Amino acid sequence: MSIRIYNSLSNSKETFEPIESGKVGMYLCGPTVYKPSHIGHAVGPVIFDTIKRYLMIFHGFDVTWVVNITDVEDKLIAEANAQGIGVFELAEHVTQNYHDALAALAVTGVDHFPKASENIAEIIAMIETLIASEYAYVVGGDVYFSVTQDDDYGKLSNRNPDDQSGHRELASGPKKHPADFALWKQARDDEPDDVKYASPWGKGRPGWHIECSAMSKRILGDTFDIHGGGLDLMFPHHENEIAQSESCTHKPFAKYWMHHGLTRFNTKKVSKSDPEMQAALAAMTLSNLLQEYSGELLRFFILSTQYRRPIEYSPEALASKKKGLTSFHRLFKRVNDLDAGDVYAAPSAADATTFQLGHQGLGEEAANLAKTVSDARDRFQAAMDDDFNTAVATAVLFELTNDVNRFIETKNLESTDDATGKQFALSAARALVSLGQSLGIFLSAPETASGGDALVGQIIDALLEVRAACRAEKCFDLADGIRDQLSGLGVTVEDKPSGATWAIEKPSDELQGKLIDIHIETRTACKTAKNFSLSDTIRDKLAGIGVTLIDRPGGTDCELT
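Because the structure is predicted, anything quoted here is derived from the model rather than measured.

1. A look at the overall build of the protein chain
Here is step 1 of the chain: Scanning the protein chain from N- to C-terminus turns up 18 helices and 17 strands.
Here is step 2 of the chain: Seen through its principal axes, the protein chain has C-alpha atoms that stretch 90 × 65 × 35 Å.
Here is step 3 of the chain: Here the protein chain holds 561 residues, and 52% of them are scored as buried.
Here is step 4 of the chain: Across the protein chain, every contact between residues at least 6 apart in sequence was considered, and the portion connecting residues at least 24 apart equals 72%.
Here is step 5 of the chain: Working note: accessible area of the protein chain is about 24,200 Å², and carbon and sulfur atoms make up 48% of it.

Here is the structure:
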């Protein structure tokens, strides 16, 4: 099966044919590291990490992926001055914040993180070539690219340089044309010495656009396969990259241009430069989000939308995706509880036998599920081959989840000793996991309190025992309240014939105290309703795990014994 990619350069889907057979060079514009990364900065890395995984697993490509770090730029200088620290001290701190977030999001495929500050020689060499061929000119200590010298300038964004009023308003006197852009900026007296680089035109620093051209050229060559970035970078950044690169090498710059949709909050683009966004951005920084949500959930949230469409961020949208992701986790725990093997130890989706399930002698249900698994693999690949449509691919995963759950229930595997049936269910679930792992999800079981914090697990077990007692006494409001409060804390409860099970989506330091509060609130409600038997049950359950409740005039406290 061939891959088709929507190429922004041609505004059409094209069959993907790499420049060098079996190899793919891929470049993604990275962040300017002057403020902490927010959810919008995660979109490109997650999408292109997924694309790399897929290209390698399903098509066997050798992929080299580059993401640049802009650590020399006006915004960095201004922010460092505002904080009273050095430019590179700020850049190093924000870059580490970015790397930590990517690790939490399972973005592991980046091969090179070049920094602008480490590629000054390459930048200067490229500018010198452009000046020598009269595509650029020097004014004082500044160097500008001349857009009128480039006959096809504007071919990506379909803009005419003579019809750019916005640039005309910003034009400075030395420019020959309002749309000409800076390749090198002369140093100012008030700028830190460590961002003043020696050059043939005097001390200064590179313009923003030339950085990407020089770094991609050094690592990927004059021409490479895929250039990615947000839709907001198409003009002027990507347009200027094409102009300066192709004018320098006289070769095509990137064969395929992939632009992902922008992240929006309340219908507005998420942007660090928008004053109205500043308060919202504090909650949307990746470091803050990852304290509340798992990296897997944020990745799943991003992949639930086809990459060219905008992503509508909101806590409500995340909550909705969390429910969907939890449905997978419930199935995987259900399969693991069959004790046939670890569902997460799935073979690679690159191995065709992963989806060829032996079902002889297992009945019609197994035969149907075997066909469903095989079909799911084909449908998944068809979706991804069609411009990496992760939204359709994840829909295939949901359908397969329902089919595996149905098989477990139909065969009554949780209440029988059918070892063969359990092994078949495990194989089907592993096929599902392997598809998810090719997207960078389902890499491991979600963190739970068991093992990491035994007391938290015991408190939850005690709550579920209290909930069962409430239901036995027909106190359904109390029972439902316990489940709802647990859900609000990220603890999912699933009722099974053998009893209720639970899982924690995202452990936190505050979880233990909040769980005890649920016990106390439920006990208070019992006492108010004069159900002293249930009230005593709660007290005794906690005492049995070393949590002593102490009633005081102002309320109830607890002590750990």
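2. Structural notes on the nonpolar core
Here is step 1 of the chain: Residues F48, I226, F332, F380, F388 and L397 are the most contacted members of the largest nonpolar core, which totals 100 residues.
Here is step 2 of the chain: No other element matches helix α1 (residues 39-59), which puts ten residues into this core.

3. Description of the sheet that holds strand β7 (residues 181-186)
Here is step 1 of the chain: Here four strands make up an open sheet; going across it, the order is β5-β6-β7-β8 and the pairing antiparallel. Strands at the two margins of the open sheet, each flanked by one partner only, are β5 (136-139) and β8 (204-206). On average, adjacent strands in this sheet sit at an angle of 20 degrees to one another, irrespective of strand direction.

4. A closer look at helix α6 (residues 208-220)
Here is step 1 of the chain: The end-to-end C-alpha distance of α6 is 19 Å, a good match for the 18 Å that 13 residues give at a rise of 1.5 Å each.
Here is step 2 of the chain: By the burial criterion, the buried members of α6 are H209, I210, E211, C212, S213, A214, M215, S216 and L220.
Here is step 3 of the chain: Once α6 ends, the next one or two residues include G221, with phi positive near 100 degrees.

5. Focus: the pattern of salt bridges
Here is step 1 of the chain: Applying the stated criterion to the full structure yields 32 salt bridges.
Here is step 2 of the chain: Note that D193 and K196 form a salt bridge whose closest N and O atoms lie 3.6 Å from each other.
Here is step 3 of the chain: What emerges from the salt-bridge pattern is a single network uniting D74, K185, R188, D190, E191 and R205.

6. What to know about the sheet that holds strand β9 (residues 224-230)
Here is step 1 of the chain: Here we have four strands laid out as an open sheet, ordered β4-β3-β9-β10, and parallel in their pairing. Both outer strands of the open sheet, β4 (62-67) and β10 (254-260), are each paired with one neighbouring strand and no more. Taking the axes of each pair of neighbouring strands and ignoring which way they run, one obtains an average angle of 20 degrees across the sheet.
Here is step 2 of the chain: Across three bridges, the pairing between strand β3 (residues 23-28) and β9 is parallel. Note on β9: the bridge partner recorded for L28 is G228.
Here is step 3 of the chain: Sitting on the sheet, α6 is in contact with β3, β4 and β9, with an inclination near 160 degrees to β3.

7. Side note on unusual backbone geometry
Here is step 1 of the chain: Look at the link from F235 to P236: it is a cis peptide, with omega at 5 degrees.
Here is step 2 of the chain: Positive phi is not limited to glycine here, since K474 has a value of about 60 degrees.
Here is step 3 of the chain: Along the polypeptide, K474 turns up in the loop between α15 (454-472) and α16 (476-488).
Here is step 4 of the chain: Looking at K474, the relative accessible area reads 64%, which means it is exposed.
Here is step 5 of the chain: At K530, a residue that is not glycine, the phi angle is positive and equals roughly 60 degrees.

8. What about the environment of D477?
Here is step 1 of the chain: As for its position among the elements, D477 is in helix α16.
Here is step 2 of the chain: Looking at D477, the relative accessible area reads 70%, which means it is exposed.

About the cut-offs
- Residues numbered from 1 in each chain as written.
- Predicted model: local features only at pLDDT ≥ 70, side-chain atom pairs only at ≥ 80, totals over all residues.
- Heavy atoms only, no water.
- Helix = DSSP H or I, 4+ residues; strand = E, 2+ residues; numbered from the N terminus.
- Buried < 20%, exposed > 50% of the residue type's maximum accessible area, 1.4 Å probe, protein only.
- Contact = heavy atoms within 4.5 Å.
- Areas by Shrake-Rupley, 256 points an atom, 1.4 Å probe, with all protein chains shown as cover.
- Core = buried A, V, L, I, M, F, W, Y, C linked by side-chain atoms within 4.5 Å.
- Pairing = 2+ DSSP bridges.
- Axes fitted to C-alpha atoms, helices over the stretch in contact; angles between N-to-C directions.
- Expected span 1.5 Å × (residues − 1).
- Salt bridge = Lys/Arg side-chain N within 4 Å of Asp/Glu carboxyl O.

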